[in-house]
Amino acid sequence: MSINQNDADLIVESTREDGSPFRPSDWVERISTHLAGYGADHRLHYADNVHPCTIEGVRCLCVKKSLKEVNATAHAFILKFAADNQLRIREDRRGDTPNAPTDRRSQPRGDRRSSK
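Reading the values: the criteria
- Numbers given for residues are sequential positions, taken from 1 along each chain in its written order.
- Residue-level local features of this predicted model are given only where pLDDT is at least 70; pairs of side-chain atoms are given and counted only at 80 or more, and the full residue set underlies all totals for whole chains, interfaces and linings.
- Side-chain descriptors were evaluated using all non-hydrogen atoms of the structure, hydrogens and water having been removed beforehand.
- For this document, the term salt bridge refers to a Lys or Arg side-chain nitrogen within 4 Å of an Asp or Glu carboxyl oxygen.
- By definition, any uninterrupted DSSP run of H or I lasting at least four residues is a helix, any uninterrupted run of E lasting at least two residues is a strand, and each is numbered from the N terminus.
- A simple rule labels every residue: compare its accessible area, found with a 1.4 Å probe on the protein chains alone, to the largest value its type can have, and call it buried under 20%, exposed over 50%, or partly exposed in between.
- One requirement defines pairing of two strands: DSSP has to find at least two bridges between them.
- Angles run from 0 to 180 degrees between N-to-C directions of axes, and those axes are lines fitted to C-alpha atoms, restricted for helices to the stretch in contact.
- We call two residues in contact whenever any of their non-hydrogen atoms come within 4.5 Å of each other.

Colleague: Hey, could you run me through the pattern of salt bridges in this one?
Modeller: A pair can form between side chains of opposite charge whenever their charged atoms are brought close. Taken as a whole, this structure holds 4 salt bridges when the rule is applied. Across the pair Arg 59 and Glu 29 runs a salt bridge whose closest N-O atoms are separated by 2.4 Å. With Arg 59 in strand S5 (residues 58–63) and Glu 29 in helix H1 (residues 27–34), this residue pair connects regions lying 30 residues apart in the sequence. Looking at Arg 59, the relative accessible area reads 28%, which means it is partly exposed.

In structure tokens form, the structure reads like this:
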């Protein structure tokens, strides 16, 4: 699939283009944490434009198109990292369908349902 990586929100999967898993498996957290900051509550808060997510059991990095405007170096690094490691990149279309998984960070804490 050909996507314009500058005009779309992206999902970078922890799966290589050949289908094999990428190692180290914590790369998503490493990049997300590097771009995160601590809030007034002394807790780590992921950036609005780069954060980890799990889609269909696969750890992914969600990259908003706004990252290029806010931090062009980080945006370029993530795209180069994904290309160098042959990671799958796709357009983030989760918001396009009514039953698509949503980002849990946007839900009030009391609305989150346990998967137990």
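Text resumes after the structure shown.
Colleague: I'm lost on the sheet that holds strand S1 (residues 10–16) in this one. Help?
Modeller: To summarise the sheet geometry, strands pair through backbone hydrogen bonds and adopt either a parallel or an antiparallel arrangement. If you walk across this open sheet you meet the 4 strands as S4-S5-S1-S6, and the pairing is antiparallel. Two strands bound the open sheet, and with one partner strand each, they are strand S4 (50–55) and strand S6 (87–91). Put simply, the sheet's adjacent strands are angled 30 degrees from each other on average, direction ignored. Strand direction decides the pairing type here: S1 and S6, joined by 4 bridges, are antiparallel. In the sheet register, Arg 16 faces S6, and the bridge partner there is Leu 87. Contacts between helix H3 (residues 72–84) and the sheet are confined to S1, S4, S5 and S6, with S6 contributing the most and set at about 125 degrees to the helix.

Read these as spatial facts, not as claims about activity.
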